[in-house]
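Survey of secondary and tertiary structure
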Amino acid sequence: MKAQDDKMIQTLPWNSEGNTSQRSSVSSLAPEHFSVEQLNKLESRFTHQKWPDREGLIIIAMECNLLVEDVELWFRTRREKWLQRVTDAITLAKDALTEHSSNNLN
């Protein structure tokens, strides 16, 4: 499995100047290519702390072998999804309450 993971963590074939190069960092891949282990660690941290401070982000990045920027982006995106779910749940609850109240008035 480790050898397969290493193949998956191959790098972008170019750098910002357009030259070919190889970067061995996991974070050189797009955020959607986090490993299962990294995602589990990130989700675990998110469960306990939705808004980690800079020091917390650095620690998480080191633990997951990612760039701090990747961790920041992951947390930002994850908070957006979480907030949308909370908002949807509140809307559903309000709609259900309104429907229940209007049924009782009739």
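A brief report on the enclosed structure follows.

Rules used in this analysis
- The residue numbering used here restarts from 1 in each chain and proceeds along that chain's sequence as written.
- Local features in this predicted model are restricted to residues of pLDDT 70 or higher, and side-chain atom pairs are both shown and tallied only at a pLDDT of 80 or more, whereas totals for entire chains, interfaces and linings draw on every residue.
- The basis for the side-chain values is all heavy atoms of the structure; hydrogens and waters are excluded.
- What counts as a salt bridge is simple: a side-chain nitrogen of Lys or Arg found within 4 Å of a carboxyl oxygen of Asp or Glu.
- Only DSSP runs of H or I covering at least 4 residues are called helices, and only runs of E covering at least 2 are called strands; the numbering of each starts at the N terminus.
- Burial here depends on accessible area, computed with a 1.4 Å probe over protein chains only, as a share of the maximum for the residue type. Under 20% is buried, over 50% is exposed, and the range in between is partly exposed.

**Describing the pattern of salt bridges**
- Enumeration according to the criterion identifies four salt bridges in this entry.
- Glu-43 is the salt-bridge partner of Arg-78, the closest N and O atoms lying 3.0 Å from each other. Linking Arg-78 in helix α4 (residues 68-105) with Glu-43 in helix α2 (residues 36-48), this pair joins segments that are 35 residues apart in sequence.
- In this structure Arg-78 comes out as buried when scored by relative accessible area, which is 16%.
- Accessibility expressed as a relative area gives 30% for Glu-43, which makes it partly exposed.
- Residue Glu-63 is joined to Arg-45 by a salt bridge in which the shortest nitrogen-to-oxygen separation is 2.9 Å. With Glu-63 in helix α3 (residues 54-64) and Arg-45 in helix α2, this pair connects stretches of sequence that are 18 residues apart.
- Its relative accessible area of 41% is what places Glu-63 among the partly exposed residues.

That is the geometry; function is a separate question.
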